[in-house]
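Residues per chain, in single letters:
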Amino acid sequence: MAYVMKNSVRMMAAIAVLLISTASYSQAPAPSFSLKLDVSPTSAKAGSEFLMAVDLTNNGPEEMVMAVCLGIDVQDNFAIQVRDSRGNSVPGPKRLPCTETATVGILPGETMKFQGELSRMFDLTRPDRYEIQVEGWDPYTKKSVRSNVTHIIVSAQSLDGKD
């Protein structure tokens, strides 16, 4: 009887620990913002411009305050990863020093838009299929937030120079 009682107490203690750890895991804070990436066009010849647009949406219940770099492409507000079809990182982005920042507030549910020309930041002259993703740091959850992954296809220029 004592053996059954000890096992019952151990089982209840194990269940309590499991419930507490599950509750604390499920209460981990959600990111305060989300990132949506769009690149257009999705297919073009080498040397073409690829415009990258990043939408940062405040998903939190309060105004989100952040410092943004003014007058510089999107790469100074986010980390940008570009990989070729073999998974190799494409060198870049070319960075300029951020000399002027501004503090901006984004209300709950609102979106702030950032743009930049991907082909100016990265060498996209080699025909290939590239994978692009951006990442930002969430100071509230102290975690990295990643955008969706998007792809572009760079095709070769014609030999006669005509498109």
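The shown structure was predicted, so the numbers you read here are calculated from the model rather than taken from an experiment. (Residues numbered from 1 in each chain as written. Predicted model: local features only at pLDDT ≥ 70, side-chain atom pairs only at ≥ 80, totals over all residues. Heavy atoms only, no water.)

**Q** I'd like a description of the pattern of salt bridges, backed by residues and values.
**A** Within the structure shown, the criterion is met by 7 salt bridges. Taking the shortest distance from any N to any O, the salt bridge between D55 and K113 comes out at 3.4 Å. Residue D55 is located in strand β3 (residues 51–58), and its partner K113 is located in strand β7 (residues 111–117); the two are separated by 58 residues in the primary sequence. R126 is the partner of D128 in a salt bridge, and the nearest nitrogen-oxygen pair spans 3.0 Å. Among the ionic contacts, a cluster of salt bridges with common partners joins D84, R86, R126 and D128. (Salt bridge = Lys/Arg side-chain N within 4 Å of Asp/Glu carboxyl O. Helix = DSSP H or I, 4+ residues; strand = E, 2+ residues; numbered from the N terminus.)

**Q** So, the packing of aromatic side chains: which residues are in play, and what are the values?
**A** One pass over the structure, following the stated rule, counts 1 aromatic pair. On the numbers, 4.9 Å between centres and 90 degrees between planes, the contact of F78 with F114 is edge-to-face. On the criterion of sequence distance, the pair formed by F78 in the loop between β4 (64–69) and β5 (79–83) and F114 in strand β7 is long-range, its members being 36 residues apart. Neither F78 nor F114 differs from the other in exposure class; each is buried. (Phe/Tyr/Trp six-rings, centres within 6.5 Å; stacked < 30°, edge-to-face > 60°. Buried < 20%, exposed > 50% of the residue type's maximum accessible area, 1.4 Å probe, protein only.)

**Q** Please give an account of the side chain of T150 that cites residues and values.
**A** Residue placement: T150 occurs in strand β10 (residues 150–155). Owing to a relative accessible area of 13%, T150 belongs among the buried residues under this scheme. The contact partners of T150, leaving out residues within four places of it in the chain, are L37, V39, Y130, E131 and I132. (Contact = heavy atoms within 4.5 Å.)

**Q** Which residues make up the side chain of D128, and what values do they have?
**A** Within the secondary structure, D128 is located in strand β8 (residues 128–138). Here D128 falls in the buried class, since its relative accessible area comes to 11%. A polar atom in the side chain of D128 sits 3.0 Å from the side chain of R126. Contact partners of D128, with chain neighbours within four places excluded, come to D84, S85, R86, I152, I153 and V154. (Polar contact = N/O pair within 3.5 Å; in protein donor to acceptor, adjacent residues only side chain to side chain.)

**Q** Break down the nonpolar core for me, citing the residues and quoting the values.
**A** In this structure, M52 and L118 are the most contacted members of the largest nonpolar core, which totals 30 residues. Secondary structure elements with two or more residues in this core: β1 (33–40), β3, β4, β5, β6 (101–106), α2 (118–121), β8 and β10. Tallying contributions element by element places β1 first for this core, with 4 residues. (Core = buried A, V, L, I, M, F, W, Y, C linked by side-chain atoms within 4.5 Å.)

**Q** Can you break down the layout of surface pockets residue by residue, with the values?
**A** Empty space within the largest pocket amounts to approximately 220 Å³. Of all elements in the fold, only β4 and β8 reach the threshold of two or more residues within the lining of the largest pocket. By residue number, the principal contributor to the lining of the largest pocket is β4, which donates 5 residues. A class-by-class count of the residues in the lining of the largest pocket yields 10 nonpolar, 2 polar and no charged. The space that makes up the second largest pocket amounts to roughly 150 Å³. Taken together, 13 residues line the second largest pocket, and the ones lying closest to its centre are S32, G60, P61, E62 and Y140. Its residues placed into classes, the lining of the second largest pocket shows 6 nonpolar, 5 polar and 2 charged. (1 Å grid on protein atoms, 1.4 Å probe; cavity = no way out; pocket = protein on both sides within 12 Å on 5 of 7 lines; lining within 4 Å. Points joined across faces, edges and corners; volume = space filled by probe spheres on them. Nonpolar A, V, L, I, M, F, W, Y, C, P; charged D, E, K, R; others polar.)

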